[in-house]
Amino acid sequence: MTDVLAEPIPIVIHELPPRERWRPSRAGVAARLIVLLGIGAFILASPHLIGVIRVNVLSTAATSVIVALSLNILIGYTGQVSLGHSAFLGMGAFTAGFVITTLELPWEAAVVASVLVGAGQALVIGVVALRVRGLYLALVTLVYAVFAERVLFNIEAITGGGGGIEATRPGWAFGDTAYAYLCIAAVAVVWLFDWRLTSSKAGRAIEALRDSERVAASWGINVTGFKLLAFVLSGAIAGLAGALFASVEQLISPLDFAFLGSVTFVMMAIFGGVGSRPGVVLGALIFSFLAFGLERFAEAFPDQPINASATPLVAALLVLIVLLYFPGGLAQLLRRPFRWLSFRPWRETEPAGGGE
Amino acid sequence: MTVLSVGDVSLRFGGLQALADVSLDVNENEIVGLIGPNGAGKTTLFNCITGFYTPDSGSVTIRGQRVNDLRPDQRTALGLGRTFQHVGLVRSFTVLENMVVAQHRNVGYHIGAGLLGSPAALEEESDLEERALHVLDHLGLVHLADHPLSELNYGTLKQVEVAAALATDPSILMLDEPLAGLGPKESADFGDRLLAMRHELNLTIVVIEHHVPFVLRVCDYVYVLNFGRILAHGTADEIRGNPVVAEAYLGEGASALA
Amino acid sequence: MTPRRIGAAAVGLVLLVVLVVSDIPLGRVVVDGTLNGSVIALVALGIAVVYKSTGVLNFAQGELGTLPAFLVLLVMMGFDLNGTVDPEAISGWDMLGYLLLAVAIGIVLGVAINGLVIRRLVDASPVISLVATAAVFFLMVGFEAVVFLPQVRTFPRFLEGAPCLESEAGECIRQFQLFGSLVLWHAIVVVAVLAVVVVLLTLLFRTQVGVALLAASQEPFAASLSGVSPRAMSMLAWGIAGGLGGLAGVLGAGVFQQLFPGMVTRDLLVLAFTAAVLGGINSMPGAVVGSILLGVTSSLTNEAALTFDVTGWIPNPPMAAAFAVLLIVMVVRPRGLLGREA
């Protein structure tokens, strides 16, 4: 392959006109920084705000956020959907349990193994299901999720069967609060990874093929290859989430990975607004704290019938309302604040030079 | 030298014979026109050449290499760029972002380097933008770089699409109705640009267009398709004087050509 | 192609020899499998008709069965939520009435889901529609759990209260032997209902409306030009899917003799999706053939697991077989047995 930059399009008729890009004023920058720092401080303080007794709720929520971000890479960027992420989470978790408890290797090795297993299973399923146009990936992963729940995770030699398997935390993050910080840090890492993905070659290719596979192919993008890459990255990140999930309670059982969990994960992502990192994270957080919130609600108002058992109903209602009125999810509802926070103007259109 | 050759390509869709034994040859640096009424099989032929359809029989050859078994993206890698009948762009991207993705095959850095944000990758990213702006400038579109596609009209979108196809750095450029949505003045300008570009960028161009005067002005050679068959082919002058073409396709417009 | 076919034939032959030589009761496998497959087929047909005519993967198809079954049960219990049903007291004709009631409820539900949710998402991506049906699924299960409580209730079978066939010894017989399999009258009814459904759908798809229904998704524009309203077609498809759901709910609950919130989804929906892919997701006959094949595969793996004594270390062999079959189909023939190239 020739280096194209050595031979650019030869003629430059005239100097390119300067591109005027919108920049916030100094006060605007300060205001945005203050809000962002506030959000950052709130996140860092959250393990202490929620209290040490309930801090595991936060760690679990962080794993859900990571799963939702991993689904975002698939749904948001390729338009394909996986209904198998409960199984991916479970595979990651049981791999971690197996490595830590059965093989007696350190926690860090378990994380690496979980990520590799996550990527590997996505590769196998993706090679089979992504060659075909349409929503076959959704169907194959759905069946995989049920297969994993009812067959794989019940094989006693690997997963300890119904009794489950232990997954001890690493020594350097053994306390509940320390582990919550570890999970939050993992969310940050995945966020950064996703950001790099979308701002480099691979992510752009993947986003292009979501819009139109034909156009992407006409630009030399290997459509099946990049769909597969997106699914493998999604699987690897879900595997990471699984390893983290395993050590939240330090004991996992097949019951933690019922196939309907997959559907809930997809609903989180769609509710938040696929294609938007902050939207997806917010969606996953709202879903994760729904049961927690309803529980507190029931404690505060004991005389009414709503409690944590209503979580799926409330979640489904939320999703339907958002889909019918804001098909782009929370990200559409909150597009202005999200825009503003990314150092762009509050209003829709940027005043760029020229116009039609 | 023949850079693109189609040999006896046939394709059926159910009961419809979309293409029947179509053959054509395109020489280096030529501009070849493909005309014919709606449904004649022009776009279908484009899709067979670029790999979106697999012909039932016949061969497609690019620079002597038979490409029948290659995917569309692999054919793009051989220097085959194209536009679509309806606007083929990524709707959620801005003009500039489209131009950057279109350079996909020429991005040198490894996917992993991009994910890790290596300095070389970041530097190449800014070079990609620079190059995109130059290509846009070439088509007089540079002032639209930061616009989302939703703000542009149809004719402008078709022009941006041509720019994106150029950004893939093709040696053979296949344009499907590039004048759609353009006025007479803009159409003439586009014709001038096309004629200039083929030398400056060393391009071979195949163009589907309904606007017959444009085709006869710009093209060195013209193929006329009707009902999936080549009805006639020849230089612009030969086509202009061909009574069969005038009768079957140009119809009442024939007098305007004479 | 040819070496692959020879390979497939060789593998098939080896399997056949193993089956014949082994102690697996093949007659029973086929009979049981067909009966199980018939219930799956009712769900799979519902999935296929909606997918083919509207392009929507309907995750709520299972609950289009469970919910009508629950409502029919409510009627059986005399609108007493704490009541019970005496299966013996329900005659075959009563049961037929309940079945038709379930079909009616299913149709109403299907049309309602179409009108309230699906029609409004007509421009959305297939993923959004799929998620919307999943949300509808959660709503329906939630409703079932709130009204009927998350508990397992007894559900009557067809002809359970039917008059006995007196055997020579004077025993009451409500089932008979076929190739070593004990066949319930209820199962015969399931197969008969499926046969009626297949005949009715075949007739429907010969009419102009039926042809339009099949064309609506592939060529919505052309279909609308020929005077067919995509709205009406979507409603018709969801109505049919709802009716099929009602059948699957009552007959399926009868097979398991029980009913609990989310049951049809849990026990049949995933198998039905597998069967639909197996037969070809855009093929109605494929849905039936795929279901029966999957039913036979399930009972075969069950018997094989018992015969070769592997139940200890492979939990749930039928589910493992279903996943394996799905993978094989996706590799060898992704459009399914009877499906057409997309």
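Residues numbered from 1 in each chain as written. Chains lettered and ligands numbered in written order. Predicted model: local features only at pLDDT ≥ 70, side-chain atom pairs only at ≥ 80, totals over all residues.

Trainee: I would appreciate a short explanation of the overall build of chain B in the present structure.
Mentor: A tally of regular secondary structure across chain B gives 11 helices and 10 strands. Whereas a compact globule of 258 residues would reach a radius of gyration of roughly 18 Å, chain B reaches 19 Å, a difference of no more than 12%. Dimensions along the principal axes, computed over C-alpha positions, put chain B at roughly 60 × 40 × 35 Å. If you take every contact in chain B between residues at least 6 apart in sequence, the share linking residues at least 24 apart comes to 65%. (Helix = DSSP H or I, 4+ residues; strand = E, 2+ residues; numbered from the N terminus. Rg over C-alpha atoms; globule rule 2.2 N^0.38 Å. Contact = placed C-beta atoms within 7 Å.)

Trainee: What is the right way to look at the overall build of chain C in this model?
Mentor: On a plain count of helices and strands, chain C comes out with 12 helices and 6 strands. Burial statistics for chain C: of 342 residues in total, 51% are counted as buried. Of the contacts formed within chain C by residues at least 6 apart in sequence, a portion of 78% connects residues at least 24 apart. (Buried ≥ 20, exposed ≤ 12 C-beta atoms within 10 Å, placed from the backbone.)

Trainee: Help me understand the packing of helix α11 (residues 260-272) of chain A against helix α5 (residues 126-148) of chain C, please; the structure alone is not making it clear to me.
Mentor: Packed helix pairs are characterised by how far apart their axes lie and by the angle those axes make with each other. Contact pair α11(A) / α5(C): the axes reach a minimum separation of 10 Å and the direction vectors enclose 120°. Between α11(A) and α5(C), the angle is such that the two are oblique. Judged by the twist between their axes, the crossing of α11(A) over α5(C) is left-handed. Contact residues: A:Val263, A:Val266, A:Met267 and A:Ile270 in α11(A); C:Ile128, C:Val131, C:Ala134 and C:Ala135 in α5(C). Within the contact of α11(A) with α5(C), the residues separate by chemical class into 8 nonpolar, no polar and no charged. (Axes fitted to C-alpha atoms, helices over the stretch in contact; angles between N-to-C directions. Parallel < 35°, antiparallel > 145°, perpendicular 65-115°, else oblique. Left-handed = near helix turned anticlockwise from the far one by under 90°. Nonpolar A, V, L, I, M, F, W, Y, C, P; charged D, E, K, R; others polar.)

Trainee: So what exactly am I meant to see when it comes to the pairing of strand β2 (residues 16-27) of chain B here?
Mentor: On a regular strand, each side chain points to the face opposite its neighbour's, so the side chains alternate between the two faces of the sheet. Residues and elements named next belong to chain B. Pairing analysis gives 8 bridges linking strand β1 (residues 2-13) to β2, with the strands arranged antiparallel. Counted as the bridge partner of Val9 is Val22 from β2. In textbook terms, the turn of a hairpin is the stretch between consecutive antiparallel strands, and for β1 and β2 this stretch comprises 2 residues, one of which, Gly14, has a positive phi near 55°. (Pairing = 2+ DSSP bridges.)

Trainee: Looking at this model, I keep getting lost on the interface of chain A and chain C. Mind explaining?
Mentor: How large an interface is tends to be reported as the accessible area lost when its parts come together. With 37 residues of chain A at the contact, the number on the chain C side is 34 residues. Going through the elements one at a time, α4 (107-129), α5 (136-150), α11 and α13 (311-325) of chain A are the ones with two or more residues in the side of chain A that touches chain C. No other element matches α5(A), which puts 10 residues into the side of chain A that touches chain C. Looking at the side of chain A that touches chain C, its residues break down into 31 nonpolar, 3 polar and 3 charged.

Trainee: Looking at this structure, I do not really get the environment of A:Ala178. What am I missing?
Mentor: Residue placement: A:Ala178 occurs in helix α7 (residues 176-198). Sequence separation of A:Ala178 and A:Gly239 is 61 residues, and the distance between their C-alpha atoms is 21 Å.

Trainee: Any chance you could explain the arrangement of the chains here in plain terms?
Mentor: Of all 2 pairs of chains sharing an interface, the pair with the highest contact count is chains A and B. There is a gap between chain B and chain C: no contact, and a shortest C-alpha distance of 12 Å.

Trainee: What is the right way to look at the sheet that holds β2(B) in this model?
Mentor: Within a sheet, each strand pairs with its neighbour through backbone hydrogen bonds, oriented either parallel or antiparallel. Residue and element names in this part refer to chain B. Taken in spatial order, the 4 strands of this open sheet run β2-β1-β4-β5, and their pairing is antiparallel. At either margin of the open sheet sits one strand with a lone partner, and together these are β2 and β5 (65-66). With 5 bridges connecting them, β1 and strand β4 (residues 57-62) associate as antiparallel partners. By the bridge assignment, Val6 is partnered in β4 with Val60. The strands touched by helix α1 (residues 42-50) within the sheet are β1, β2 and β4, with β2 carrying the most contacts at an inclination of about 65°.

Trainee: Could you clarify how one ought to interpret unusual backbone geometry in this entry?
Mentor: Excluding glycine, residues mostly carry a negative phi; peptide bonds, for their part, are mostly trans. At B:Asn202, a residue that is not glycine, the phi angle is positive and equals roughly 55°. Notably, C:Phe79 is not glycine yet its phi reads approximately 60°, a positive angle. With respect to the helices and strands, C:Phe79 occurs in the loop between α3 (63-76) and α4 (92-118).

Trainee: Looking at this model, I keep getting lost on α5(C). Mind explaining?
Mentor: Residues and elements named next belong to chain C. Between its first and last C-alpha atoms α5 spans 32 Å; for 23 residues at 1.5 Å apiece the expected length is 33 Å, and the two agree. Within α5, 17 of the 23 residues are buried, which leaves it mostly tucked inside the rest of the structure. Two residues or fewer past α5, Leu149 is found with a positive phi of approximately 65°. (Expected span 1.5 Å × (residues − 1).)

Trainee: Hey, could you run me through the sheet that holds strand β6 (residues 80-82) of chain B in this one?
Mentor: Residues and elements named next belong to chain B. Taken together, the 6 strands give an open sheet; going across it, the order is β6-β7-β8-β3-β9-β10, and neighbouring strands pair in mixed fashion. Lying at the two open borders of the sheet, with one neighbouring strand each, are β6 and β10 (229-235). The average undirected angle you get between the axes of adjacent strands in this sheet is 15°. Strand direction decides the pairing type here: strand β3 (residues 31-35) and strand β8 (residues 204-208), joined by 4 bridges, are parallel. Across the sheet, Leu34 pairs through a bridge with Ile208, a residue of β8.

Trainee: Help me understand the environment of B:Glu125, please; the structure alone is not making it clear to me.
Mentor: Residue and element names in this part refer to chain B. The residue Glu125 is located in helix α5 (residues 119-138) in this model. For Glu125, a count of 18 C-beta atoms within 10 Å corresponds to the partly exposed category. Placed 25 residues apart in sequence, Glu125 and Val100 show a C-alpha to C-alpha distance of 8.6 Å.

Trainee: What am I meant to see in the confidence of the model for chain C here?
Mentor: Per-residue confidence for chain C gives a mean pLDDT of 83, with 87% of residues at or over 70. Of all helices and strands in chain C, the one with the weakest mean pLDDT is strand β2 (residues 165-166) of chain C (57), whereas α3(C) scores best (93). (pLDDT = per-residue confidence, 0-100.)

Trainee: Would you mind going over helix α2 (residues 26-54) of chain C with me for this structure?
Mentor: Owing to its 3.6 residues per turn, the α-helix brings residues three or four apart onto one side. Residue and element names in this part refer to chain C. Counted at 1.5 Å a residue, the expected span for α2 with its 29 residues is 42 Å, and the 39 Å between its end C-alpha atoms agrees. Bending of α2 peaks at approximately 30° at the position of Ile40. Most of α2 is tucked away: 25 of the 29 residues are buried. Positive phi shows up at Gly55, right after α2, with a value of about 75°. (Bend = angle between axes of the 7 residues up to and from the residue.)

Trainee: Any chance you could explain the packing of α13(A) against α5(C) here in plain terms?
Mentor: Packing of α13(A) against α5(C) brings their axes to within 8 Å, and their N-to-C directions diverge by 145°. In this structure, α13(A) crosses over α5(C), and the sense of that crossing is left-handed. Side by side, α13(A) and α5(C) meet where A:Pro312, A:Leu313, A:Ala315, A:Ala316, A:Leu317, A:Val319, A:Leu320 and A:Leu323 of the first sit next to C:Ile128, C:Val131, C:Ala132, C:Ala135, C:Phe138, C:Leu139 and C:Gly142 of the second. Residues belonging to the contact of α13(A) with α5(C) are distributed by class as follows: 14 nonpolar, 1 polar and no charged.

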